[in-house]
Amino acid sequence: MVTNYTAIELSKIAEAPMMVGIAVAMADMGIVSTAIEAAAMSKEIAGAAKKYPNNSIIQSVFAEEVLRSNAYKVTKPDIKPEEIQSGMVTDKAIAAVNTAVELVNGKATPEEISEFKEFIYSCADAVANAAGSGLFGTGNPKVSPQEAATLTKLKAVLSV
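Residues numbered from 1 in each chain as written. Predicted model: local features only at pLDDT ≥ 70, side-chain atom pairs only at ≥ 80, totals over all residues. Heavy atoms only, no water.

Draft legend 1. Examining the nonpolar core more closely. Membership of the largest hydrophobic core comes to 44 residues, with the highest contact counts inside it found for I13, V20, I57, F62, F116 and F119. Not counting the four nearest positions on each side in its chain, F116 is found in contact with I13, N55, I57, I58 and A100. (Core = buried A, V, L, I, M, F, W, Y, C linked by side-chain atoms within 4.5 Å. Buried < 20%, exposed > 50% of the residue type's maximum accessible area, 1.4 Å probe, protein only. Contact = heavy atoms within 4.5 Å.)

Draft legend 2. Up close: the pattern of salt bridges. For the structure on display, the rule yields 3 salt bridges. Note that E64 and R68 form a salt bridge whose closest N and O atoms lie 2.8 Å from each other. A residue pair is termed a helical-turn pair when its members lie 3 or 4 positions apart in one helix, as E64 and R68 do in helix α5 (residues 64–69) at 4 residues. (Salt bridge = Lys/Arg side-chain N within 4 Å of Asp/Glu carboxyl O. Helix = DSSP H or I, 4+ residues; strand = E, 2+ residues; numbered from the N terminus.)

Draft legend 3. The arrangement of the packing of aromatic side chains in detail. This structure, assessed with the given rule, holds 2 aromatic pairs. Both rings, one in Y52 and one in F119, keep their centres 6.1 Å apart while their planes meet at 70°; by these two values the pair is edge-to-face. In this pair, Y52 is assigned in the loop between α3 (48–51) and α4 (56–62) and F119 in helix α8 (residues 110–128), connecting sequence segments 67 residues apart. No difference in accessibility class separates Y52 from F119, as the two residues are buried. Joined through ring pairs, the aromatic side chains of Y52, F62 and F119 make up one cluster. (Phe/Tyr/Trp six-rings, centres within 6.5 Å; stacked < 30°, edge-to-face > 60°.)

Draft legend 4. Looking closely at the environment of P145. On the secondary structure map, P145 appears in helix α9 (residues 145–158). Accessibility expressed as a relative area gives 65% for P145, which makes it exposed.

Draft legend 5. Here's a closer look at the confidence of the model for the chain. Across the chain, pLDDT averages 88, with 93% of residues at or above 70. Here helix α6 (residues 81–86) stands out as the element of the chain with the lowest mean pLDDT, 76, in contrast to α8, whose mean of 96 is the highest. (pLDDT = per-residue confidence, 0-100.)

Draft legend 6. Structural view of the environment of E118. Within the secondary structure layout, E118 lies in helix α8. Remark: the alpha-carbon pair of E118 and S159, spanning 41 residues in sequence, is separated by 8.8 Å. Contacts of E118, omitting those with residues within four sequence positions, involve Y52 and V160.

Here it is, written out as structure tokens:
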């Protein structure tokens, strides 16, 4: 697969959807719900290439052969407990989104960039809707007020 991006750029582009998922999960944490949300995030990323078959950004980063090839490395985010409590995780996610969008500007069409932003938001939305309240994450509402607030911020940044 031909890509317009370096390994470092690929890792920064991949970081954006992962960070928004983490930001939503950390907005309202629970032991079981966090595991359910992580699974939802993985499913969203695994299905990205099929969902957006003509998007050069998503194909360059999330196509099955790219994921298997280890063409890039995503580093584990350095998140401190105080950043979770203060909401700084959302700020880090927004910074990751802005970096990714800057990297694809000029290398992808406006339509591809728009789809990429939609994909990033869909990752956050999938996490928010994965688990509800209660011991095993099966209660309602599925989206907590804290998650809803994070989604609102991300929607504004992504213009979706």
